[in-house]
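Examining the three-dimensional arrangement
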Amino acid sequence: MTDKTIFKKIIDREIPADIIYEDAHCLAFRDINPQAPTHVLVIPKKEIVSLDDLEDEDQAIMGPIMLAIRNIARQLNLDHGYRVVCNCGPEAGQEVPHLHFHILAGRALTWPPG
Ligand code: AMP
């Protein structure tokens, strides 16, 4: 049996996090090492390693998660815009093997990303 990821431990309330949103499908909390004035992570409660590991049945949770991201952006008054990032796999810089979406806002974000 594999060890729980740090995000699964947050879902199970085994380690603390600054949780700002929760619904049946997902949890959102502030990134511990913020890369922008607002940096929130949105994760499915279901243990999914990455975008590449989604199964067809997961379409039932991905739509609600996208709408949750919209709702969180509204809740945080991100009126000047925000960026949603999903790092998938090692070359993309994914460090935690539990699917997550970064919401970044509060400063001008450059493109292309590093
Ligand atoms: P990624 O590189 O896309 O896998 O992003 C993982 C993110 O998780 C990084 O931005 C980390 O700062 C963040 N992170 C790691 N551990 C925690 C934690 N305990 N609480 C909040 N954010 C975390």
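Before reading on, note that the structure itself is shown above.
Residues numbered from 1 in each chain as written. Predicted model: local features only at pLDDT ≥ 70, side-chain atom pairs only at ≥ 80, totals over all residues. Heavy atoms only, no water.

Section: the sheet that holds strand S2 (residues 26-30)
- The five strands are arranged S1-S2-S3-S5-S4 in an open sheet whose pairing can be described as antiparallel. The open sheet is flanked by strand S1 (19-22) and strand S4 (83-85), the only strands paired with a single partner. Ignoring strand direction, the axes of neighbouring strands in this sheet form an average angle of 20°.
- In the sheet, S4 pairs with strand S5 (residues 101-105) via three bridges, with the strands oriented antiparallel. By the bridge assignment for S5, Arg83 is matched with Leu104. (Pairing = 2+ DSSP bridges. Helix = DSSP H or I, 4+ residues; strand = E, 2+ residues; numbered from the N terminus. Axes fitted to C-alpha atoms, helices over the stretch in contact; angles between N-to-C directions.)

Focus on the environment of Gln75
- With respect to the secondary-structure elements, Gln75 resides in helix H2 (residues 59-75).
- Gln75 gets classed as partly exposed once you look at its relative accessible area, which sits at 40%.
- C-alpha of Gln75 to C-alpha of Glu22: the two residues are 53 residues apart in sequence and 12 Å apart in space.
- Excluding residues within four positions of it along the chain, Gln75 makes contact with Ile20 and Tyr21. (Buried < 20%, exposed > 50% of the residue type's maximum accessible area, 1.4 Å probe, protein only. Contact = heavy atoms within 4.5 Å.)

Observations regarding the packing of aromatic side chains
- Taken as a whole and judged by the stated rule, the model has one aromatic pair.
- Judged by centre distance (5.5 Å) and plane angle (70°), the rings of Phe7 and Phe29 are edge-to-face. Pair noted here: Phe7 is in helix H1 (residues 6-11) and Phe29 is in strand S2, with a separation of 22 residues, a long-range link. Each member of the pair, Phe7 together with Phe29, is buried. (Phe/Tyr/Trp six-rings, centres within 6.5 Å; stacked < 30°, edge-to-face > 60°.)

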